[in-house]
Structures are given as C-alpha cells and as structure tokens.
Amino acid sequence: GENVGLHLPTLSVQEGDNSIINCAYSNSASDYFIWYKQESGKGPQFIIDIRSNMDKRQGQRVTVLLNKTVKHLSLQIAATQPGDSAVYFCADVTGGFKTIFGAGTRLFVKA
Amino acid sequence: NAGVMQNPRHLVRRRGQEARLRCSPMKGHSHVYWYRQLPEEGLKFMVYLQKENIIDESGMPKERFSAEFPKEGPSILRIQQVVRGDSAAYFCASSPPGQNTQYFGPGTRLTVL
C-alpha cells in the first residue's frame, strides 16, 4: 500500500551544526506534506508544510525541500539546538485530511 | 486559547474492560481526528469526525472500536473488551473548518493488563 518512510532512523548532530532529515514517500497523489516534531510524552507539533506544487519552503530555522521526481522530502534545521532533540515525522496528506505518517527519525543534539 | 485537551492522560484497563478516551478540540475547531501510536512508530490514522458525523473511519478496526463527536461535549473514542494489543498512545487532533493543519493533543496512554 501507499506509505511514507524514512531513510535514517537516528541522527546525531553537534549543537550549532545543520541537520538534514530525509523522507521517501510513495503516494504521488498527496496534496501536501508536513513535518512534525514529537518530544517524549507529547503529541506531534506542526513544524512546516509544503504543497505538492512547490519544491521549497522556508520557515524560522527550518527549510523543507520536495523533490517529486524521486518522491523525496527533506527537513533542514539550521544551527541545531539542544531543544531540537526529538523524533521528527514526515507525513503526507491526501483528500485534504487523511494524514499518513512515516516511522520517524530521532534527532540527538550533542552539546 | 487552550490547545487540544485529552483525558485521561494515562489509562490502565484489564483485558475485557472498556476504555473511553476523551478529546476536547481547540476552540473554533469542528473537525476531530484520532490516531494510534505504538512505541517507536509513527501515528496511524483511525477516524475523522465532524460534529455529529463520521467522515472517514477507514483506519479504525471494525470490531470493538467506535468514535463519536456529539453536538455538545468532547469527542469520545471507545474501545470495548480491550485486549493487550490495544495498548498504545492514542492521539487526538483538531482543525478548524476549511483548514488542513491538524493540532494535536498530548495523547492518552492506554495500558491493558
């Protein structure tokens, strides 16, 4: 079936470095894609989204890139901070609401 | 403006008992979604409701699980005759009409003994 998956299950970066979290998807009918951050014991927190007709979107310290040719999505976090340590999920949305989550990448930020 | 609220935060049930999970959406949000998450996994969509209507329940097991979102009061996810495999974190999200972004609650962690 259609699914969203991640290349790297864990990522360890030094504080101040940039982080790149990758995601592969298979549903070419997705309307848009979302990155969520989930801290331990909490619900997912929206970070940034991108529509399927875009290839790049920037937020505060975060950039999402979408490559529809190879069905690849990435989240770039600039100047990673200890507070960025969490599990990051990519998700694709179809039909305006149906959100399919990937398995997640755990980001460790070393001080 | 309070966020999405879920209660209880932790729920312990014995096999065969019923579990009721409640979700109060954010103010002004009329769309509610329920997800289930196993440890170290992503969230799995279960059901999407609007006030008094189930819009999509394709992710919800046909047996023992039901959901409602009444005109007044919170949305309820009900699991009858729980089994150990129902142990998971259940998250609720809400969104306002006409917008796709879903805001998540803190979740209810269900443990079935």
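Heads up: the structure comes first, above all this text.
The rules behind the values
- Here the residue numbering is sequential within each chain, running from 1 through the sequence in written order.
- Chains carry letters and ligands carry numbers; both start at the beginning, A for chains and 1 for ligands, and go up in the order they are written.
- Only residues with pLDDT of 70 or above have their local features reported here, since the model is predicted, and side-chain atom pairs are shown and tallied only from 80 upward, although totals for entire chains, interfaces and linings are computed over all residues.
- Excluded from the side-chain calculations are hydrogens and water; all other atoms, namely the structure's heavy atoms, are used.
- Here, a strand pair is defined by DSSP locating no fewer than two bridges between the strands.
- Each helix is a run of DSSP H or I of at least 4 residues and each strand a run of E of at least 2, with the numbering of both proceeding from the N terminus.
- Angles shown run from 0 to 180 degrees and are taken between the N-to-C directions of axes, each axis being a line fitted to C-alpha atoms and, for helices, limited to the stretch in contact.
- Stacked, edge-to-face and tilted are the three classes for Phe, Tyr and Trp ring pairs, Trp counted by its six-membered ring, which pair at centre distances within 6.5 Å; planes under 30 degrees apart are stacked, over 60 edge-to-face, the rest tilted.
- A simple rule labels every residue: compare its accessible area, found with a 1.4 Å probe on the protein chains alone, to the largest value its type can have, and call it buried under 20%, exposed over 50%, or partly exposed in between.
- Throughout, a contact is declared for two residues whenever any of their heavy atoms are within 4.5 Å.
- Under the rule applied, a polar contact is a pair of N or O atoms within 3.5 Å (in protein, one hydrogen donor and one hydrogen acceptor; residues adjacent in sequence only if both atoms are side-chain atoms).
- Defined in terms of a 1.4 Å probe, buried area is the accessible area two parts forfeit on being brought together, summed over both.
- Put simply, a salt bridge is a Lys or Arg side-chain nitrogen that is within 4 Å of an Asp or Glu carboxyl oxygen.
- For this classification, Asp, Glu, Lys and Arg are treated as charged, while Ala, Val, Leu, Ile, Met, Phe, Trp, Tyr, Cys and Pro are nonpolar and the rest, including Gly, are polar.

This paragraph deals with the sheet that holds strand 7 (residues 65–68) of chain B. Residues and elements named next belong to chain B. Strand order in the open sheet formed by four strands is 1-3-8-7, and the pairing between neighbours is antiparallel. Edge positions in the sheet fall to strand 1 (5–7) and strand 7, since each has one partner strand and no second. Across the sheet, the mean angle from the axis of one strand to that of its neighbour is 15°, orientation sign disregarded. The sheet contact formed by strand 3 (residues 19–24) and strand 8 (residues 75–79) spans five bridges and is antiparallel.

Okay, the packing of aromatic side chains next. Tallied over the entire structure, the rule returns twelve aromatic pairs over all chains. Ring geometry for Phe-97 of chain A and Phe-45 of chain B: centres 6.1 Å apart, planes at 55°, overall tilted. Taken as a pair, Phe-97 of chain A in the loop between strand 9 (86–94) and strand 10 (98–101) and Phe-45 of chain B in strand 5 (residues 43–50) lie in two separate chains rather than in one. The class of Phe-97 of chain A is buried, set by a relative accessible area of 14%.

All names here are of chain B. Structurally, Arg-22 can be placed in strand 3. Classification of Arg-22 as partly exposed rests on a relative accessible area of 31%. Sequence separation of Arg-22 and Val-32 is ten residues, and the distance between their C-alpha atoms is 11 Å. Here Arg-22 is in contact with Met-5, Gln-6, Asn-7, Pro-8, Trp-34, Pro-74, Ser-75 and Ile-76, once residues within four sequence places are set aside. Engagement of the side chain of Arg-22 in a polar contact is seen with the side chain of Asn-7, the distance being 2.8 Å.

Listed per partner, the contact involves 20 residues of chain B and 19 residues of chain A. The largest contributions to the chain B side of the interface with chain A come from Leu-43, Asn-100 and Phe-104 of chain B, which together make up 31% of the buried area. Run the count over chain B and chain A and you get one salt bridge. Here Asp-56 of chain B and Lys-98 of chain A are joined by a salt bridge, their closest N and O atoms 3.7 Å apart. Going through the elements one at a time, strand 4 (31–37) and strand 5 of chain B are the ones with two or more residues in the side of chain B that touches chain A. A class-by-class count of the residues in the side of chain B that touches chain A yields eight nonpolar, seven polar and five charged.

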